[in-house]
Amino acid sequence: MADLTSGSGLKSAALLEQMRLHMETDAGKELTKKVGLVYQLNIAPRLEQRKIGQNEEIYVVDLKKGEVTKGPYEGRPDVTFSFVDSDFLAVGTGRLNPQMAFLRGAMKIKGSITAAQKFTPDIFQSRQSFDGQALH
């Protein structure tokens, strides 16, 4: 499988790549069994634009198959999240609470709210492992 960072202009591509690698571990496989949902992430690249929905890169976190891929989901995902890159990175590294991101308009949700609530920090592996890395 191709590295998710190649050809990406997103700061959060490294986080998504680590998430992809995490899905191959025993903990990732257990998470797949536990959650069993499909999430599509639409991530806009620029903070300056502050516009969700423009020039987005699309990723799928498929917790039915246990994989993270680049490109839209073929079918209907359980939930689609839309973010600006820096906001997704903040949520994924624990610097921004997902509920606060939603309330501030930094994250948009389309689909099942119940399924959205299952998109929890354990999906992001151990967040501490990202803090020491240059994701900027």
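Residues numbered from 1 in each chain as written. Predicted model: local features only at pLDDT ≥ 70, side-chain atom pairs only at ≥ 80, totals over all residues. Heavy atoms only, no water.

Looking at an unreviewed UniProt entry, one finds the protein chain named SCP2 domain-containing protein, with Spirodela intermedia as its source organism.

A.B. asks: Just to check I follow, could you spell out the overall build of the protein chain for this structure?
C.D. replies: On a plain count of helices and strands, the protein chain comes out with six helices and five strands. Walking the protein chain from its N terminus toward its C terminus, one meets helices and strands in the order α-α-β-β-β-β-α-α-β-α-α. Counting across all 136 residues of the protein chain, residues that qualify as buried make up 44%. Carbon and sulfur atoms form 49% of the exposed surface of the protein chain, whose accessible area is close to 7,300 Å². (Helix = DSSP H or I, 4+ residues; strand = E, 2+ residues; numbered from the N terminus. Buried < 20%, exposed > 50% of the residue type's maximum accessible area, 1.4 Å probe, protein only. Areas by Shrake-Rupley, 256 points an atom, 1.4 Å probe, with all protein chains shown as cover.)

A.B. asks: Quick question: what am I supposed to make of the nonpolar core here?
C.D. replies: In a soluble, globular protein the nonpolar side chains are often hidden away together inside. In terms of nonpolar packing, the biggest core is built from 33 residues, with Leu-16, Tyr-39, Leu-41, Val-61, Phe-81 and Phe-88 touching the most fellow members. Elements supplying a minimum of two residues to this core: helix 1 (13-23), helix 2 (26-35), strand 1 (38-44), strand 2 (57-62), strand 4 (79-84), helix 3 (85-92) and helix 5 (113-116). Among the elements that take part in this core, helix 1 stands out by supplying five residues, more than any other. Filtering out sequence-adjacent residues up to four positions away, Phe-88 remains in contact with Ser-12, Leu-15, Leu-16, Met-19, Leu-41, Ile-43, Phe-83 and Phe-124. (Core = buried A, V, L, I, M, F, W, Y, C linked by side-chain atoms within 4.5 Å. Contact = heavy atoms within 4.5 Å.)

A.B. asks: Where do I start with the sheet that holds strand 5 (residues 107-111) in this structure?
C.D. replies: Backbone-to-backbone hydrogen bonds join strands into a sheet, with any given pair of strands oriented parallel or antiparallel. Read from one edge to the other, the open sheet built from five strands follows the order 3-2-1-4-5, with strand pairing classed as mixed. In this open sheet, the two edge strands, each paired with only one partner strand, are strand 3 (67-70) and strand 5. Across the sheet, the axes of successive neighbouring strands diverge by a mean angle of 20°, strand direction being ignored. Here strand 1 runs beside strand 4; their pairing, made up of six bridges, is parallel. The partner of Leu-41 across the bridge, within strand 4, is Phe-81. Against the sheet, helix 1 makes contact with strand 1, strand 2 and strand 3, and its axis sits at roughly 145° relative to strand 3, the strand it touches most. (Pairing = 2+ DSSP bridges. Axes fitted to C-alpha atoms, helices over the stretch in contact; angles between N-to-C directions.)

A.B. asks: Would you take a moment to explain the pattern of salt bridges for this structure?
C.D. replies: This model, assessed by the stated rule, comprises three salt bridges. With a closest N to O distance of 2.7 Å, Arg-20 and Glu-17 form a salt bridge. In this pair, Arg-20 and Glu-17 are both assigned in helix 1, three residues apart and thus about one turn of the helix distant. The residues Arg-20 and Glu-17 share a single accessibility class, namely buried. By relative accessible area, which is 7% here, Arg-20 ends up buried. (Salt bridge = Lys/Arg side-chain N within 4 Å of Asp/Glu carboxyl O.)

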